[in-house]
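Spelled out from the first residue to the last, the chains are:
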Amino acid sequence: MIPLWTIPVAAVTGNTLVLKPSERDPGAAMIIAELCQQAGLPDGVLNVVHGGVPTVNAICDHPDIKAISFVGGDRAGKHIYERGTQNGKRVQANLGAKNHAILMPDANKNLALNSIVGAAFGAAGQRCMAISVALLVGEAQNWLPELIERASKLSVNGGFESGADLGPLISPAAKDRVTGLISSAEEDGGKILLDGRNITVPGYPNGNFVGPTIIEAGTNMRCYQEEIFGPTLVVLRAETLDDALEIINSNRYGNGAAIFTQSGATARKFETDVNVGQIGVNVPIPVPLPMFSWSGNKGSVLGDIGFYGKSGINFYTQNKTITSLWRAEDAIGNRASVNMPTHH
């Protein structure tokens, strides 16, 4: 998905590209490159390189590369931003996220619960705009048992089987990290209400599977403070909308947030007061359409020019200012002027 944000805008603005996919998932980039070739993109416009840290550093250092777009974790993003900008490059980096969804008591209950389950556990939670925190406000706290029930019915499988709702995590290391953060909730005093750590998937005895997991936690716990990037939903309770907004705005990340309500006034207050970039009203994953620009903020982004939309055009182009003057009398004048040129 991420290369499809950048390839079209970079190409139509006259650039050539070097695409460096994650070394853990290189295949999708090759498929995209083949499709671009079949569509008629000239040879040399899109180039794919593979590798780890040395390849990344070579991209950051190479003088012919003028700009870098990155989407990924905090550690890699900060390294790329610092190294790239030190070499005079324009860099945009989308980093970690902790996306919250507020469920108000007046919300359409069925829509809200289905949306949260889909947004939290789809793609096994491995997407930057996954909902990873549900804030249950007031009487909506009574919906927690039904939320757990719906999540428990999701089908975990290899991902290609009919009826599969979510597949495995990307690597054994990712599984260890996710299960470690789930375990930390118990150590910090949280409650694991739905535990997917020991799930078994027939036909995949050594798979990197973690089932849907729901944790009731506090904002001081590791499972809330850190991006889990797995099929894990942290549930917090709030008495009022103001309490929920304070929790979101105090979080160091600012990628996106959503609210479920049937009140226009409540939605307007949320839109005005919440401090995140992408905002959804009864929409669980508020990723902007291509004609708009990505607008994450706080600790979720480095760089001041967003992905795609008008910002994407600005990122992949360099502004020029041209001042010209054409006067017939300049061809015959024989006296120089030291005055600042002015417009008459």
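The structure under discussion appears in the preceding block.
We now turn to the structure provided with this report.

Basis of the calculations
- Residues numbered from 1 in each chain as written.
- Predicted model: local features only at pLDDT ≥ 70, side-chain atom pairs only at ≥ 80, totals over all residues.
- Heavy atoms only, no water.
- Helix = DSSP H or I, 4+ residues; strand = E, 2+ residues; numbered from the N terminus.
- Buried < 20%, exposed > 50% of the residue type's maximum accessible area, 1.4 Å probe, protein only.
- Contact = heavy atoms within 4.5 Å.
- Areas by Shrake-Rupley, 256 points an atom, 1.4 Å probe, with all protein chains shown as cover.
- Lys, Arg positive; Asp, Glu negative; His and termini not counted.
- Charge placed at Lys NZ, Arg CZ, Asp CG, Glu CD.
- Pairing = 2+ DSSP bridges.
- Axes fitted to C-alpha atoms, helices over the stretch in contact; angles between N-to-C directions.

Next up on the list: the overall build of the chain. Each helix and strand counted, the chain has eleven helices and 14 strands in total. In terms of principal-axis extent, the alpha carbons of the chain reach across some 90 × 50 × 35 Å. Counting over 344 residues, the chain shows a buried share of 44%. By sequence separation, contacts in the chain at least 24 residues apart represent 65% of the contacts at least 6 residues apart. Working note: accessible area of the chain is about 18,400 Å², and carbon and sulfur atoms make up 53% of it. Counting 27 positive and 31 negative side-chain charges, the chain places the centres of these two groups 5 Å from one another.

For the rest of this paragraph, the subject is the sheet that holds strand β6 (residues 131-137). Ordered in space as β7-β8-β9-β6-β5-β11-β12, the seven strands form an open sheet in which the pairing is mixed. At either end of the open sheet lies a strand with only one pairing partner, and these are β7 (191-194) and β12 (278-281). The sheet shows a mean angle of 25° between the axes of neighbouring strands, taken without regard to direction. The pairing of strand β5 (residues 99-103) with β6 spans five bridges and is classified as parallel. Across the sheet, N99 pairs through a bridge with I131, a residue of β6. Along the sheet, helix α7 (residues 172-187) contacts β7, β8 (213-216) and β9 (232-238); its crossing angle with β8, the most-contacted strand, is approximately 30°.

With respect to topology, three strands assemble into an open sheet ordered β3-β4-β14, the strand pairing being mixed. Each of the sheet's edge strands pairs with one partner strand only, and the pair in question is β3 (67-71) and β14 (301-302). Both strand β4 (residues 90-94) and β14 contribute to a ladder of two bridges, which runs antiparallel. For N94, the partnering residue across the bridge sits in β14 and is V301.

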